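Each chain, letter by letter, is given below.
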There are 2 protein chains.
Amino acid sequence: MSYLKLLPFALLLVACQPKVETPEQANVRIGAESAAAKRAIDSLDVEFTKHFNLGHAEVVADFYTENAHLMPPNGRIAPGREGIMVTFKALFAMTPALKLMPTEVVANGPIAVERGIYTMTMTPPGAKEAVADTGKYLVHWQLVEGKWLIVEDIWNSDLPAK
Amino acid sequence: MSYLKLLPFALLLVACQPKVETPEQANVRIGAESAAAKRAIDSLDVEFTKHFNLGHAEVVADFYTENAHLMPPNGRIAPGREGIMVTFKALFAMTPALKLMPTEVVANGPIAVERGIYTMTMTPPGAKEAVADTGKYLVHWQLVEGKWLIVEDIWNSDLPAK
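The following refers to the structure shown. What you are looking at is a predicted structure, and each value in this text was computed from that prediction instead of being measured.

**Description of the relation of the copies chain A and chain B**
The second copy of the chain is related to the first by a rotation about an axis and a shift along the axis. Turning chain A through 180° and shifting it by 0.0 Å along the axis lays it on chain B, with an RMSD of 0.1 Å. In symmetry terms, the pair is related by a two-fold rotation axis. Of the interface residues in chain A, 100% have counterparts in chain B that sit at the interface too, so the contact is made through matching surfaces.

Shown next, in the form of structure tokens:
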């Protein structure tokens, strides 16, 4: 009878083991979180592209964290939302038409990585007609107060260097 | 006295609340995991660079997951460890000398993102002397059975397009 009194304590010991995920459980959870993040980021990419193609530099810069790093090809890193805005303003003078095709998103909690391909046409200064580019990108996203923001954004062209 | 008998059950209820992290706790944990991942990845970058500069294509390819994506500028994505090995073999014919300077690593559990800058000299076919490049990179790492492997690897040049 005295042993029976210990039952609740035994339950306490069993039930309160630290809940450490097995690698398999982590994989399942990360798979579900990645699918959810992909849906959210797909939508954000649609919004991003819309404002990008309308030349809304300030709206586009707001997709980035305050201290984000924009890493454009053939140019220096633009650090910070302000620097990113200035970089996009210069780019928007070339009236770019961007299309993003997100391929894969991997997310774990507040961190996500998106890989995709892009096409873009733009008219560089002095060019008589638009030039077309196609390439790939990698974007590091962070969930900040329930909203996915871009921390790092890098891309490059598939086309041979001229 | 009968209420006292309920004490263990009350303890059970209190102690076994699901352990949900607050955003602050998550930030602290992610900060610690990022610092640990940075140390591990710094070491891997040293090893990677050593074998890269010795032209060991198979050893370098083994830093990548089986289904990794190598995203070189001015070229198509090389998918898979085998494709990555072939891509590096072609690059190593130009006797590149690479230097990686990792700037930041953010990690959460088995996912990490590394940002850094690189310098590389190489001698393209027909060139009389080596050309120097400098740029930035973003690498998505995954912890696989206790070992960090590269999932996605993209970089681009800071220098103006020629």
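**Quick look at the environment of E145 of chain A**
Residue and element names in this part refer to chain A. Within the secondary structure layout, E145 lies in the loop between β5 (131-144) and β6 (147-157). Here E145 falls in the exposed class, since its relative accessible area comes to 82%. On a C-alpha basis, the gap between E145 and M85 in space is 22 Å, while along the polypeptide they are 60 residues apart.

**So, the pairing of strand β4 (residues 111-122) of chain A**
Residue and element names in this part refer to chain A. Both strand β3 (residues 97-108) and β4 contribute to a ladder of eleven bridges, which runs antiparallel. Bridge pairing in β4 places N108 opposite I111. The antiparallel pairing of β3 with β4 creates a hairpin that spans two residues between the two strands, and G109 there sits at a positive phi of about 60°. Pairing geometry for β4 and β5, over twelve bridges, is antiparallel. Its bridge partner being in β5, M120 is matched across the sheet by D133.

**What about helix α3 (residues 23-53) of chain A?**
Residues and elements named next belong to chain A. Taking 1.5 Å of rise per residue, 31 residues should cover 45 Å, and α3 covers 42 Å from first to last C-alpha, within 8% of that figure. The complete set of buried residues in α3 reads A26, I30, S34, A37, I41, L44, D45, F48, T49, H51 and F52. Of the residues flanking the end of α3, it is G55, one or two places downstream, whose phi is positive at about 75°.

**Focus: the sheet that holds β3 of chain A**
Residues and elements named next belong to chain A. The sheet built from six strands is open, its strands ordered β2-β1-β6-β5-β4-β3 with mixed pairing. The strands lining the two open edges of the sheet, one partner per strand, are β2 (78-79) and β3. Looking at chain direction, strand β1 (residues 64-71) and β2 are connected through two bridges and run antiparallel. Along β2, the bridge assignment pairs L70 with A78. Strands in contact with α3 are β1, β3, β4, β5 and β6; relative to β3, the strand with the most contacts, it is inclined by about 160°.

**A closer look at the side chain of D45 of chain A**
Residues and elements named next belong to chain A. If you trace the backbone, D45 turns up in helix α3. K38 provides the closest opposite charge to the buried, unpaired D45, separated from it by 7.4 Å. Those residues in contact with D45, other than ones at most four positions away along the chain, are L100, P102, E114, Y137 and W141.

**Looking at the packing of aromatic side chains**
All names here are of chain A. Enumeration according to the criterion identifies 16 aromatic pairs over all chains in this entry. For the ring pair F48 and F88, a centre distance of 6.4 Å and an interplane angle of 75° mean the geometry is edge-to-face. You can see F48 sitting in helix α3 and its partner F88 sitting in helix α5 (residues 80-92), a full 40 residues away along the chain. Given the relative accessible area of 3%, F88 is considered buried. Chaining the aromatic ring pairs together yields one cluster made of F48, F52, F63, Y64, F88 and F92.

**With respect to the interface of chain A and chain B**
Taken residue by residue, the interface counts 38 residues in chain A and 38 residues in chain B. For the pair chain A and chain B, the number of links is two salt bridges. Note that R115 of chain A and E152 of chain B form a salt bridge whose closest N and O atoms lie 2.6 Å from each other. Where chain A packs against chain B, one counts 19 residue pairs in polar contact (both at pLDDT 80 or more). When residues of the side of chain A that touches chain B are traced back to their parent elements, those giving at least two are α2 (7-15), β1, β3, β4, β5 and β6 of chain A. Taken together, the residues of the side of chain A that touches chain B break down into 23 nonpolar, eight polar and seven charged.

**Concerning the sheet that holds strand β4 (residues 111-122) of chain B**
All names here are of chain B. If you trace the six strands from one edge of the open sheet to the other, you get β2-β1-β6-β5-β4-β3, paired in mixed fashion. Strands at the two margins of the open sheet, each flanked by one partner only, are β2 (78-79) and β3 (97-108). Sheet contacts for helix α2 (residues 23-53): β1 (64-71), β3, β4, β5 (131-144) and β6 (147-157); angle to β3, the most-contacted strand, approximately 160°. Contacts from helix α4 (residues 80-92) reach β1, β2 and β4, with the element oriented near 50° to β1.

About the cut-offs
Residues numbered from 1 in each chain as written. Chains lettered and ligands numbered in written order. Predicted model: local features only at pLDDT ≥ 70, side-chain atom pairs only at ≥ 80, totals over all residues. Heavy atoms only, no water. Least-squares fit on C-alpha atoms with pLDDT ≥ 70 in both. Contact = heavy atoms within 4.5 Å. Helix = DSSP H or I, 4+ residues; strand = E, 2+ residues; numbered from the N terminus. Buried < 20%, exposed > 50% of the residue type's maximum accessible area, 1.4 Å probe, protein only. Pairing = 2+ DSSP bridges. Expected span 1.5 Å × (residues − 1). Axes fitted to C-alpha atoms, helices over the stretch in contact; angles between N-to-C directions. Lys, Arg positive; Asp, Glu negative; His and termini not counted. Salt bridge = Lys/Arg side-chain N within 4 Å of Asp/Glu carboxyl O. Phe/Tyr/Trp six-rings, centres within 6.5 Å; stacked < 30°, edge-to-face > 60°. Polar contact = N/O pair within 3.5 Å; in protein donor to acceptor, adjacent residues only side chain to side chain. Nonpolar A, V, L, I, M, F, W, Y, C, P; charged D, E, K, R; others polar.

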